[in-house]
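Observations on the model geometry
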Amino acid sequence: MDQQTTPLPGPGLAQDVEVADIAGSQSPVEWDFSAAKARLGAHGFVLASGRGEVRIGTTIGTVEAPCVIWLPSGILGSVRLDAGARGLAMTVSDAALGRVVPASSIAGPLRQAIDRPLLGIRIDAATARAAIHDLEDMRRETLEDLPGMREAVMSRLCLVLIAFWRLGGVATQQQASPRVLVQGFIQLVELNARAQWRVSDYARAMGISTDRLTSAIRRATGQSPLELVHRRLLEDAESLLERSALQVSEIADALGFRDAGYFNRFFSRLKGISPGRYRQQMQRLRAGRDGSYAAWP
């Protein structure tokens, strides 16, 4: 059957949270998080039944109900669900996320959790029903628009986010397999390599020590976490040098390097050639393949 592209719920002027049904469509459905739609806010999904996949950058992961998906604001990618999937989806504005975190001892960890994706964390049926019940209550409040509606919605939203935060912690504790750790690490690299995260930043986001992350990545890949981050940045650099008209300094800025000189040293160390010479070589190779006069001796 043809796949449907589902409009994202989006907070209106009078409300910061919107909830929409995932109602067992007879064909696959997809929520596309383009740059414009990603700015709507964060997106959460609670699946009671069905399967699908989450794509972030070039990383694709499968999901199976009952499960929870949480994509922080600004994430680019998509959620695709197979025909028959059921559950609820919500969009939360950045303004609501800024207000909902309580001023308490959990404020710091909860804010960190809101900024981390949950890519199909499995839950039991009872937990799924409870989360769906909370989301349905939030939607009912917005529709009835009774006095105190905003406060009631925010209170329920806080409970939902705390539940998601707990699920993220449980998932981290259960990540005993190096393979699972590598998958989570690679997903974070896709999101944050250009932000020049340190290895300790990745470990903190995953809720594990730097030593444990390094050990797991080395066992699974034979490389260090930093080497994998550098490889990802190098792939992006090669692509931009080959396919874009950006100046080397502009590419350095796009990839998060503090200056063009540092980027030149980084690229030259890993490739054995400067970015400028690499671009020239790729242009000559392309010209040769195309039969251009520029490739003639």
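All values derive from a computational prediction rather than experimental measurement.

Concerning the pairing of strand β10 (residues 118-122)
Counting buried positions along β10 gives 4 out of 5 residues, so the element sits mostly inside the fold. Here 4 bridges tie strand β7 (residues 67-71) to β10, and the two strands are oriented antiparallel to one another. When the bridges of β10 are listed, Cys67 appears paired with Arg122.

Looking at the environment of Ile75
Structurally, Ile75 can be placed in the loop between β7 and β8 (77-81). Separated by 33 residues in sequence, Ile75 and Ala42 place their C-alpha atoms 8.2 Å apart.

Describing the sheet that holds strand β4 (residues 42-49)
Here 5 strands make up an open sheet; going across it, the order is β2-β9-β4-β7-β10 and the pairing antiparallel. Among the strands making up the open sheet, the edge pair consists of β2 (17-23) and β10. The mean inter-strand angle of the sheet, taken between neighbouring strand axes irrespective of direction, is 15 degrees. Across 7 bridges, the pairing between β2 and strand β9 (residues 86-92) is antiparallel. Bridge pairing links Ile22 to Gly87 in β9.

With respect to the pattern of salt bridges
A complete count under the given rule lists 16 salt bridges for this structure. Between Glu238 and Lys271 there is a salt bridge whose closest N-O contact spans 2.9 Å. In this pair, Glu238 is assigned in helix α9 (residues 225-243) and Lys271 in helix α11 (residues 260-271), connecting sequence segments 33 residues apart. We classify Glu238 as buried; its relative accessible area is 16%. In this structure, the salt-bridge partner of Glu242 is Arg243, at a minimum N-O distance of 3.9 Å. Classification of Glu242 as partly exposed rests on a relative accessible area of 23%. Connected through salt bridges with shared partners, the residues Glu190, Arg194, Arg232, Glu235 and Asp236 form a single ionic network.

Thoughts on the packing of α9 against α11
Viewed as axis vectors pointing N to C, α9 and α11 meet at an angle of 105 degrees, and their least axial separation amounts to 11 Å. It follows that α9 is roughly perpendicular to α11 by the angle criterion. For the pair α9 and α11, the contacting residues are His230, Leu233, Leu234, Ala237, Glu238 and Leu241 in the first and Phe263, Phe266, Phe267, Arg269, Leu270 and Lys271 in the second. When its residues are assigned to classes, the contact of α9 with α11 shows 8 nonpolar, 1 polar and 3 charged.

Conventions and cut-offs
- Residues numbered from 1 in each chain as written.
- Predicted model: local features only at pLDDT ≥ 70, side-chain atom pairs only at ≥ 80, totals over all residues.
- Heavy atoms only, no water.
- Buried < 20%, exposed > 50% of the residue type's maximum accessible area, 1.4 Å probe, protein only.
- Helix = DSSP H or I, 4+ residues; strand = E, 2+ residues; numbered from the N terminus.
- Pairing = 2+ DSSP bridges.
- Axes fitted to C-alpha atoms, helices over the stretch in contact; angles between N-to-C directions.
- Salt bridge = Lys/Arg side-chain N within 4 Å of Asp/Glu carboxyl O.
- Parallel < 35°, antiparallel > 145°, perpendicular 65-115°, else oblique.
- Contact = heavy atoms within 4.5 Å.
- Nonpolar A, V, L, I, M, F, W, Y, C, P; charged D, E, K, R; others polar.

Such coordinate-based values are descriptive only and should not be taken to indicate function.
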